[in-house]
Amino acid sequence: MSEPDDISPDAGGDAEGETHGAPGARPVVRLKPRAGRRFFAGAPWVYQDELVLDRRTRKIPPGSVAELQDAERRPLGLVAVNLESGIAGRLLDRDPQAEIDGAWLRGRIARALALRERLFEAPFYRLVHAEADGLPGLIVDRFGDACVMQPNAAWADARADEIAQALREVAGVGTVMLNAGSRARGLEGLQGETRLLSGALDGPVEVSMNGAVYLADLVGGQKTGLYFDQRPNHAFVARLCRGARVLDVFSHVGGFALAALAGGAASALAVDGSEPALALASEGAKRSGFGERFSARRADAFDALGELGEAGERFDVVICDPPAFAPAKSALQNGLRAYARIARLAAGVTAPGGYLTLCSCSHAADPAAFRAACVRGIEQAGREAQLLRFGEAGPDHPEHPGLPETSYLKALTFRLDG
C-alpha cells in the first residue's frame, strides 16, 4: 500500500462554510490546491491529506459515495470515501452523474466476466481484481458455481449483499462466500466475520489447473482458498521438472509441487507450516493420480531449508513462494533481508545445473529491489546463476495502468551452476 504523496498544505479558502448541496444530494469532497498529482496522472486514489477536511466532510460515513471536485470546484468523478483510511477516496466512476446501484455493479461485473470467459474455458479464475476491474478494493475469486469475495474497502463491505446478488445474476453462481480475513480490511477500519451469503458448501472444491487437481477450502483456507495468480508460473516451472526431484517451500495446498508432478517430476516434497493445507495438497496429489510421488513436511520454511542443507540434500528444482515479507514500506528493509536469506538457503539445496524459482507477493518490494535481494542471497551461497524468466500474475489479475500497486507478484527463475 503506497504512502501518501508529499502534498503542499491547503492555501486557505472557505472550506468551513462550504455548501455540500441540497438535502438528499451527494456529499462533496474537494482537493486542496496543487493536490492530487497521482490522481491527475491516472491513479484512482486520493489520499486523506490531499482533501479539504471541513466539519461536514469529516462527518461523511465510511463507504459513502461522494462527488470529487478539484480546488476550483470542478467535478472530477465519483469516489468511495473513507476518512478512516489513508486512501480517503477510491474512484468509482469518472462520470459525476453516474448512479452506483445494482445496475452499475452488474455492468462492471459483466465487463470483468467477459474478459475471463475469453481467457479461460472453465469457470475457475479471479473474476474481479479490484481497481483494475473498476471495482476498487473488491476481490472476487470464482470456483465453478461458487464465488469468494473479499470486500477490502468500506464501500464494497457496505454493499456486500448487493454485490453478491449481482454475482448471482451476472455469473450465474449459486454460492457466494464473504471472506473477512484480509489484512487490507484492517487498514480500512473494517471488521466482521467470514460468512456464507448464499448457497451452500459441503467441503473443499476441486480445481483442475495445469494437469493437476487442487483442493480449495473456501471457508477456512488462506485468502480465498487458492492462489490463481501463480497459474502461469506453475506451468513454466512444470516444464523444467521432467524426471526431477522437486522441493516446493511455502507450498500451501500443493502450489508448484502438484504442477511439477503433472509435468513429470520424479518426486515432489511440499513444505508448509499449515497441516490443513498440506492435507489438502496430499489429497490433491492422490486425486491427480500421483500420490505415491508426493510427500509433505510440516515445518518452518527457514528451519526446513537449513536442515535439508545440513543433511546434504539436493533437489533438481526448488521453489520458494513465501507470504509477503514486505507488506508495507515500513517493512521493506526487513523484508528484503528475509528474501535474501530465503534465496541463500534455497540455493544451498539446489543441485548443480538445477533450477531455483523465488517468488514475492509484496507490494512494497518493487521488481528491481526483489531481484537484487535474490541475487545477493544466491551469491552468498557461493552459486553462479542465469536468470531465465521474470514471471508475474496471470491475465485474470490485470493491472491498473495508473496504479503500480496492482502489479504485485514477482517470480524469478534461475539456473544455478557451481
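Each remark here, short or long, concerns the structure printed above.
Participant: Honestly, the sheet that holds strand β2 (residues 45–47) in this entry has me stumped. Any pointers?
Facilitator: Strands pair in a sheet through their backbones, by hydrogen bonds, and they do so in one of two ways: parallel or antiparallel. Pairing within the open sheet is mixed, and its five strands lie in the order β1-β3-β4-β5-β2. A strand with exactly one partner marks an edge of an open sheet, and here the two such strands are β1 (28–30) and β2. Between one strand and the next, the sheet's axes are offset by a mean angle of 40 degrees, whatever the strand orientation. Bridging between strand β4 (residues 75–81) and strand β5 (residues 87–93) involves four bridges; their strand directions are antiparallel. For Val-79, the partnering residue across the bridge sits in β5 and is Leu-91.

Participant: Whenever I open this one, the packing of helix α7 (residues 231–238) against helix α8 (residues 255–262) confuses me. Can you help?
Facilitator: When two helices pack together, you describe them by how their axes are tilted relative to each other and by the distance separating the axes. Close contact between α7 and α8 brings their axes to 8 Å; oriented N to C, the two are set at 45 degrees. On the basis of their axis angle, the class for α7 and α8 is oblique. Considering the relative orientation of α7 and α8, their crossing is right-handed. Residues Asn-233, His-234, Val-237 and Ala-238 of α7 pack against Gly-255, Phe-256, Ala-259 and Ala-260 of α8. Taken together, the residues of the contact of α7 with α8 sort by class into five nonpolar, three polar and no charged.

Participant: How should I be thinking about the nonpolar core in this particular structure?
Facilitator: Here is a general trend for soluble globular proteins: nonpolar side chains tend to be buried in one another's company. The biggest cluster of nonpolar side chains holds 41 residues, and the ones touching the most others in it are Phe-143, Val-207, Tyr-214, Leu-226, Val-246 and Phe-294. For this core, the elements supplying multiple residues, two or more each, are β8 (146–151), β11 (205–209), β12 (212–216), α7, α8, β14 (267–272), α9 (275–288) and β16 (315–320). With sequence-adjacent residues up to four places away left out, Leu-226 is seen in contact with Asp-141, Phe-143, Val-207, Met-209, Tyr-214, Ala-216, His-252 and Val-253.

Participant: Please explain α8 as it appears in this structure.
Facilitator: Structural remark: α-helix, 3.6 residues per turn; residues separated by three or four positions point the same way. The buried fraction of α8 amounts to seven of the eight residues, a majority that puts the element mostly inside the structure. Within the sequence span of α8, burial applies to Gly-255, Phe-256, Ala-257, Leu-258, Ala-259, Ala-260 and Leu-261.

Participant: For this particular structure, what's the right way to read the side chain of Ser-85?
Facilitator: Counting through the fold element by element, Ser-85 comes out in the loop between β4 and β5. Classification of Ser-85 as buried rests on a relative accessible area of 5%. A polar contact of 2.9 Å, which involves the side chain of Ser-85, links it to the side chain of Glu-188.

Participant: Explain the pattern of salt bridges here, please?
Facilitator: If charged atoms from side chains of opposite charge come close, those side chains can pair. On inspection of all chains with the given rule, the structure shows 17 salt bridges. Across the pair Arg-116 and Asp-133 runs a salt bridge, and its minimum N-O distance is 2.7 Å. Of this pair, Arg-116 sits in helix α3 (residues 102–119) while Asp-133 sits in the loop between β6 (124–129) and β7 (138–143), and the two are 17 residues apart along the sequence. Classification of Arg-116 by relative accessible area gives buried; the value is 0%. Among the ionic pairs, Glu-206 bridges to Arg-287, the shortest N-O distance being 2.8 Å. Here the residue Glu-206 occupies a position in strand β11, and Arg-287 occupies one in helix α9, the gap between them amounting to 81 residues. Residue classification places Arg-287 among the partly exposed residues on the basis of a relative accessible area of 41%. Among the ionic contacts, a cluster of salt bridges with common partners joins Asp-70, Glu-72 and Arg-74.

Conventions adopted
Residues numbered from 1 in each chain as written. Predicted model: local features only at pLDDT ≥ 70, side-chain atom pairs only at ≥ 80, totals over all residues. Heavy atoms only, no water. Pairing = 2+ DSSP bridges. Helix = DSSP H or I, 4+ residues; strand = E, 2+ residues; numbered from the N terminus. Axes fitted to C-alpha atoms, helices over the stretch in contact; angles between N-to-C directions. Parallel < 35°, antiparallel > 145°, perpendicular 65-115°, else oblique. Left-handed = near helix turned anticlockwise from the far one by under 90°. Contact = heavy atoms within 4.5 Å. Nonpolar A, V, L, I, M, F, W, Y, C, P; charged D, E, K, R; others polar. Core = buried A, V, L, I, M, F, W, Y, C linked by side-chain atoms within 4.5 Å. Buried < 20%, exposed > 50% of the residue type's maximum accessible area, 1.4 Å probe, protein only. Polar contact = N/O pair within 3.5 Å; in protein donor to acceptor, adjacent residues only side chain to side chain. Salt bridge = Lys/Arg side-chain N within 4 Å of Asp/Glu carboxyl O.

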